[in-house]
Amino acid sequence: MLASFLHEGKVEAGCDEAGRGCLAGPVFAAAVILPADFQNDLLNDSKQLTEKNRYLLREIVQKEALAWAVGYYDNNEIDEVNILNASIFSMHRALEQLKITPEHILVDGNRFKPYRDIPHTCVVKGDGKYLSIAAASILAKTYRDDFMLDLHQQYPVYAWDRNKGYPTKAHREAIKQYGVTSYHRMSFRLTDDQLTLEL
């Protein structure tokens, strides 16, 4: 069972991101404040769930959360500030949109930059430990997947309906064959060829 909170009696927002390791598309983040008595046996780290259950849980989280929001940094912003900062700043964008101001922020991972003057705690693999972070992971993942599925309609050769922009062999081969789109992250190593050295 995942824990309901770190600090009992405080309004806590869980934050997580999705798409950090992708070659194309934005990095998405979500912030979620759940009721203190919220429980759901299915809720877990989004990577452990089937696609069907992720979307089922998204509906439950959006309906039952006290507040939730999604933010993102697009590929051009990622290239400008780097992926770590973009991941953190997209969490800030999600937090900015919450209709309730949290008293504490729980962040998945080990790096964060302070948001306003609200205390935060980084939790490695937090999406498998706290309900609010797990809920945020589901929103970030499903909203990013929706975004990439829409892009797939414009650029079907990259198979973003299957890889969602991650560096699969098929995605890298398509980049070699067709070049890049305006949605690719140019600061990333887009093809394996960039590893080879001419001696």
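Residues numbered from 1 in each chain as written. Predicted model: local features only at pLDDT ≥ 70, side-chain atom pairs only at ≥ 80, totals over all residues. Heavy atoms only, no water.

1. Let's talk about the pairing of strand 1 (residues 12–18)
- Judged by how many residues are buried, strand 1 sits mostly within the fold: seven of seven residues are covered.
- Neither face of strand 1 is left uncovered, since the one carrying E12, G14, D16 and A18 and the one carrying A13, C15 and E17 both have all their residues buried.
- When strand 1 meets strand 4 (residues 104–108), the two strands line up parallel, connected through four bridges. Looking across to strand 4, one finds that G14 is bridged to L106. (Buried < 20%, exposed > 50% of the residue type's maximum accessible area, 1.4 Å probe, protein only. Helix = DSSP H or I, 4+ residues; strand = E, 2+ residues; numbered from the N terminus. Pairing = 2+ DSSP bridges.)

2. A closer look at the packing of aromatic side chains
- In total, this model carries nine aromatic pairs according to the counting rule given.
- Taken together, a centroid distance of 4.9 Å and an interplanar angle of 25° make the contact between F28 and Y72 stacked. In this pair, F28 is assigned in strand 2 (residues 27–33) and Y72 in strand 3 (residues 67–73), connecting sequence segments 44 residues apart.
- Classification of F28 by relative accessible area gives buried; the value is 5%.
- An angle of 45° between the planes, with centres 5.9 Å apart, marks the rings of Y73 and F89 as tilted. Of the two residues, Y73 is situated in strand 3 and F89 in helix 3 (residues 83–97); the sequence distance between them amounts to 16 residues.
- We classify F89 as partly exposed; its relative accessible area is 24%. (Phe/Tyr/Trp six-rings, centres within 6.5 Å; stacked < 30°, edge-to-face > 60°.)

3. Some details on helix 4 (residues 131–154)
- Counted at 1.5 Å a residue, the expected span for helix 4 with its 24 residues is 34 Å, and the 36 Å between its end C-alpha atoms agrees.
- For helix 4, the tally of buried residues reaches 17 of 24 residues, placing the bulk of the element in the interior. (Expected span 1.5 Å × (residues − 1).)

4. A short note on helix 6 (residues 169–178)
- Residues of helix 6 that are buried: H171, R172, A174 and I175. Buried residues of helix 6 fall within an arc of 160° about the axis and therefore sit on the same side. Exposed and oriented more than 90 degrees from the buried face of helix 6 are K169 and Q177.
- On the buried face of helix 6, the contacting elements are helix 5 (160–163). (Arc of directions from axis to C-beta. Contact = heavy atoms within 4.5 Å.)

5. What to know about unusual backbone geometry
- In the Ramachandran plot, N82 falls in the positive-phi region, its phi being about 85° despite a non-glycine side chain.
- With respect to the helices and strands, the residue N82 is situated in the loop between helix 2 (75–81) and helix 3.
- Even without glycine at this site, R116 takes up a positive phi of about 50°.
- Mapped onto the elements, R116 comes out in the loop between strand 4 and strand 5 (120–123).
- R116 gets classed as exposed once you look at its relative accessible area, which sits at 57%.

6. Notes on the pairing of strand 2
- Counting buried positions along strand 2 yields seven of seven residues, so the element is predominantly enclosed.
- With five bridges connecting them, strand 1 and strand 2 associate as antiparallel partners. Across the sheet, residue G14 finds its bridge partner in strand 2, namely V32.
- The sheet contact formed by strand 2 and strand 3 spans seven bridges and is antiparallel. Counterpart to I33 in the pairing with strand 3 is A67.

7. Details of the sheet that holds strand 3
- Strands sit in the order 3-2-1-4-5 across an open sheet of five strands; the sheet is mixed. Since the sheet does not close on itself, it has two edges, and those belong to strand 3 and strand 5, each with one partner. Strand-to-strand twist of the sheet, defined as the mean angle between neighbouring strand axes without regard to direction, takes the value 20°.
- Here helix 3 sits on the sheet and contacts strand 1, strand 2, strand 3 and strand 4; the angle it forms with strand 3, its principal contact strand, is near 145°. (Axes fitted to C-alpha atoms, helices over the stretch in contact; angles between N-to-C directions.)

8. Some details on the confidence of the model for the protein
- Across the protein, the average pLDDT comes to 95, with 96% of residues at or above 70.
- Note that residues 195–199 has pLDDT below 50 and, in this model, one contact with residues that lie over four places away or in other chains. (pLDDT = per-residue confidence, 0-100.)

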